[in-house]
Amino acid sequence: VGHCWRTIFRSCHRFSSNFVNCNLATQTFTVFLISNSIIHLALCFGVLYLSYVERARQHRWRCSDVTFHCSDGVLRQQWIQTIREQLTALTSRPKHLLVYINPYGGKQQGECIYEQKVAPLFACASISTDVIVTEHANHARDHLKTEAELKKYDGVVCVGGDGMFSEIVHGLVSRTQRDNGVDQNSPEEKLVPCSLRIGIIPAGSTDCICYATVGINDPVTSALHVIVGDSQPMDVCSVHHNNTFLRYSISLLGYGFYGDVLADSERKRWMGPARYDFSGFKTFLTHHHYEGAVSFLPATDILGTPRDKTRCRAGYVTLPNLCFCSIPEYEVGWGVVRGKFLAINAASMSCACPRSPMGLSPAAHLADGTTDLILVRKCSRFNFLRHLLRHTSKDDQFDMTFVEVHRVRRFRFTPRHCQNDSELDLRENGKQLFSQICRDHPACSCSPAYSSWNCDGEILPHAAIEVGVHCQLIKLFARGIEEQPLFEDLANPQCAL
Ligand SMILES: CCCCCCCCCCCCC/C=C/[C@@H](O)[C@H](CO)NC(=O)CCCCCCCCCCCCCCC
Ligand SMILES: Nc1ncnc2c1ncn2[C@@H]1O[C@H](COP(=O)(O)OP(=O)(O)OP(=O)(O)O)[C@@H](O)[C@H]1O
Ligand SMILES: [Ca+2]
């Protein structure tokens, strides 16, 4: 027994000092905290094997093993029973998951990443899975919307990028609204939150949702967040045009620069993730601006502003905002900005990604019911480059005379020249007109009348849109970015999950 305790205590530092509370006189003990980290327990010839989650550098999590020897059979049984009881008490952990793999996302490694890195971990944690490798775009969305037997599952996992995640969100949100008789076409309707959590195994080009909710794009780390049953609520924006539902957005709604980058990059999918840099460079040189009016409802009843130095981190709790405000009621508080813009961006979360580790709006929150509306007015190429460059450092990209940022609950955009339903025709005519003019004056610097909205990596068919934020409509298997412990501290008790 003495040897057993020594082994345990030698291992304690890896979990927590509270790992074992032992009374040697009565030989009673309790195990706590550690159970959060354990993902597998096995007994073989009197030896107890535990697999557990351990933190590594830069928000990475890894799976490790520890072995306990105990010659006392009764004590051994007590240990196993206690740990099993603790594990059973962890009801937030998923047991059965529905997994969708996009074999064509990012560098087309989705299937390989899942088979080699994720499936073995799920098996080790006794999680059963139904796996669907998608055969075409919107396969996962339509399956979730109409066919999937959702009652069988504790969560849905997607292996792919932001586009694949967006499919899952559209499938789940639409299904939930249909099941609850909610009309998605009404912009004022309060949507019903989805009950199933979503896991993202990053295998795309940007993977911004994963990066901004976990802190790193690493399939093993994301799989471990699913296994331990983390839960991170997230805001979702609904986008409408003339009382018709268009799409949901979770990360970026971008008109002008990011719309044009996406439109150009879609034609270069064969380039893989590098297409964004190529199209980004090209769009930067093109330097188009767009005219229009942005009206918005500022979020006045919240703590924090987009210019704060605070960041949305794990453990930051926001109460769900129960008032999804109907437009007429709040018409009074709306502000309007008119002008010529290089970019109009709405970031419902930081949009941090490897290209921009702090993101488009570093202080944005994942689940506060607001989106940060960033307006970049027409300026010189040099100034726009300065603004873009600040996304790659800690400098404040909003501290420039041509940039303004508002934390809002709703907003509308109306492009200049926009007239009701004929907007699309105008868009086409506008393009023709523009190309005609530019053929006639090749050196002119005029811009086309319309850009496109980049809605989480999808192009929207209308320029005039109305957007509302739905607070905490979905939940992810994540916990937000954790404050990073020093590497020396990783073996410290405070580092228990
Ligand atoms: C000078 C370097 C400046 C770098 C500035 C980088 C800022 C990058 C901010 C990225 C924000 C991504 C937000 C996430 C959006 C996702 O829902 C969506 C779907 O995956 N991804 C994109 O639309 C993909 C959007 C990808 C946009 C890439 C833009 C690259 C710009 C490059 C400009 C080069 C100018 C060089 C001049 C010499
Ligand atoms: N089997 C498939 N064949 C073709 N397209 C698919 C298939 N499955 C999913 N898709 C579509 O592929 C698009 C891109 O996928 P995904 O988001 O996984 O990768 P990505 O675009 O490289 O990454 P990111 O969105 O992070 O930039 C998605 O919009 C999705 O609808
Ligand atoms: Ca938000």
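Here the structure is shown first, and the text comes after it.
About the thresholds
- Sequence order as written defines the numbering, with residues in each chain counted from 1.
- In the order they appear in the text, chains get letters beginning with A and ligands get numbers beginning with 1.
- It should be noted that, the model being predicted, local features are given only for residues of pLDDT at least 70 and side-chain atom pairs only at 80 or more, the latter also being counted only at that level, while totals for whole chains, interfaces and linings use all residues.
- The side-chain values count all of the structure's non-hydrogen atoms but skip hydrogen atoms and water molecules.
- Helix numbering and strand numbering both begin at the N terminus, where a helix is a DSSP run of H or I of at least 4 residues and a strand a DSSP run of E of at least 2.
- Whenever a nitrogen or oxygen atom comes within 3.5 Å of another N or O atom, the pair is scored as a polar contact, on the condition that within protein one atom can donate a hydrogen and the other can accept it, and that pairs from neighbouring residues in sequence are kept only if both atoms are in side chains.
- Contact between two residues is taken to exist if any of their heavy atoms lie within 4.5 Å; hydrogens are not considered.
- Salt bridge, as applied in this entry: a Lys or Arg side-chain nitrogen positioned within 4 Å of an Asp or Glu carboxyl oxygen.
- The classification of residues rests on relative accessible area computed with a 1.4 Å probe and restricted to protein chains. Under 20% of the type maximum is buried, over 50% is exposed, and intermediate values are partly exposed.
- The rule for donors is simple: an N, O or S atom within 2.8 Å of the metal counts, and for Na, K and Ca the reach is 3.2 Å. Water is not among the atoms, so a site may look short of donors.
- Consider each residue's heavy atoms; a residue with any of them within 4 Å of a molecule or strand counts as near.
- Domain segmentation is taken from an automatic or database assignment of domains.
- Lines are fitted to the C-alpha atoms to define the axes, a helix being fitted only along its stretch in contact, and any angle between axes, read from their N-to-C directions, falls within 0 to 180 degrees.
- Put simply, Ala, Val, Leu, Ile, Met, Phe, Trp, Tyr, Cys and Pro go in the nonpolar bin, Asp, Glu, Lys and Arg in the charged bin, and everything else, Gly too, in the polar bin.
- Think of it this way: a Phe, Tyr or Trp ring, Trp meaning its six-membered ring, pairs with another when their centres are within 6.5 Å, and the plane angle makes it stacked under 30 degrees, edge-to-face over 60, tilted otherwise.

Caption draft 1: A look at the side chain of S350. Relative to the elements of secondary structure, S350 occurs in the loop between strand 14 (335-347) and strand 15 (371-377). A polar contact of 3.1 Å, which involves the side chain of S350, links it to the backbone nitrogen of A352. Leaving out residues up to four positions away in the same chain, S350 has contacts with A212, M358, G359, L360, S361, P362 and A364.

Caption draft 2: View of the pattern of salt bridges. Throughout the structure, instances matching the rule amount to 19 salt bridges. With a closest N to O distance of 2.8 Å, K282 and D264 form a salt bridge. Within this pair, whereas K282 is found in helix 10 (residues 275-286), its partner D264 is found in helix 9 (residues 257-266), the two being separated by 18 residues in sequence. Across the salt bridge formed by E482 and R479, the nearest N and O atoms sit 3.1 Å from each other. The exposure class of E482 is buried, given its relative accessible area of 14%. Bridged by salt links that share partners, the residues R55, D230, R479 and E482 form one connected network.

Caption draft 3: The coordination of the calcium ion (ligand 3), seen in detail. D235 (OD), S348 (O), H365 (O), D368 (OD) and T370 (O) make up the full set of protein donors to the calcium ion (ligand 3), lying at 2.3 to 2.6 Å. The sequence motif formed by the donor residues of the calcium ion (ligand 3) is D-x112-S-x16-H-x2-D-x1-T. Of the residues examined, H365 reaches a relative accessible area of 4% and is grouped as buried.

Caption draft 4: Spatial organisation of the site of ligand 1. Ligand 1 sits among 22 residues. The nearest are D162, T206, S251, N454 and D456. A distance of 3.3 Å separates an oxygen atom of ligand 1 from a polar atom in the side chain of T206. Measuring from an oxygen atom of ligand 1, one finds a side-chain N or O atom of S251 at 3.0 Å. Of all the secondary-structure elements, those providing two or more residues to the shell around ligand 1 are helix 10 and helix 12 (381-389). The element that contributes the greatest number of residues to the shell around ligand 1 is helix 10, accounting for four residues. Lining the shell around ligand 1 are residues from two domains, each supplying at least three of them: domain 2 (96-230) and domain 3 (248-466).

Caption draft 5: Broad picture of the packing of helix 10 against helix 12. In contact at an axis separation of 10 Å, helix 10 and helix 12 are set at 145 degrees when each is read in the N-to-C sense. In this structure, helix 10 uses F284, L285 and T286 to contact helix 12, whose residues at the interface are R381, F384, L385 and L388. Grouping the constituent residues of the contact of helix 10 with helix 12 by class yields five nonpolar, one polar and one charged.

Caption draft 6: Inspection of the environment of Q177 at higher detail. The residue Q177 is located in helix 6 (residues 162-179) in this model. Not counting chain neighbours up to four residues away, the residues in contact with Q177 comprise V182, Q184, L191, V192 and Y248.

Caption draft 7: The packing of aromatic side chains, seen in detail. A complete count under the given rule lists ten aromatic pairs for this structure. Seen from their ring centres, Y255 and W453 are 5.1 Å apart, and the 40 degrees between their planes marks the pair as tilted. Pair noted here: Y255 is in strand 12 (residues 252-256) and W453 is in strand 17 (residues 453-455), with a separation of 198 residues, a long-range link. Taken as a pair, Y255 and W453 share a single burial class, namely buried. With a centroid separation of 5.2 Å and an interplanar angle of 80 degrees, the aromatic rings of F257 and F384 are classed as edge-to-face.

Caption draft 8: Quick peek at unusual backbone geometry. The backbone of Q108 shows a phi angle near 60 degrees, a positive value even though the residue is not glycine. Mapped onto the elements of the fold, Q108 is located in the loop between strand 6 (96-101) and helix 4 (110-124). The class of Q108 is exposed, set by a relative accessible area of 51%. Residue Q472 is not a glycine yet carries a positive backbone phi of 55 degrees. Position of Q472 among the secondary structure elements: in strand 19 (residues 465-476).

Caption draft 9: Spotlight on the site of ligand 2. By nearness alone, 23 residues border ligand 2, and G106, T134, G161, E167 and S205 come closest of all. A distance of 3.0 Å is found between an oxygen atom of ligand 2 and a backbone nitrogen or oxygen belonging to M164. Elements supplying a minimum of two residues to the shell around ligand 2: helix 6 and helix 10. Per element, the largest residue contribution to the shell around ligand 2 is four residues, and it comes from helix 6. Looking at the shell around ligand 2 residue by residue, the class counts come to five nonpolar, eleven polar and seven charged. When we break the shell around ligand 2 down by domain, the ones giving at least three residues each are domain 2 (96-230) and domain 3 (248-466).

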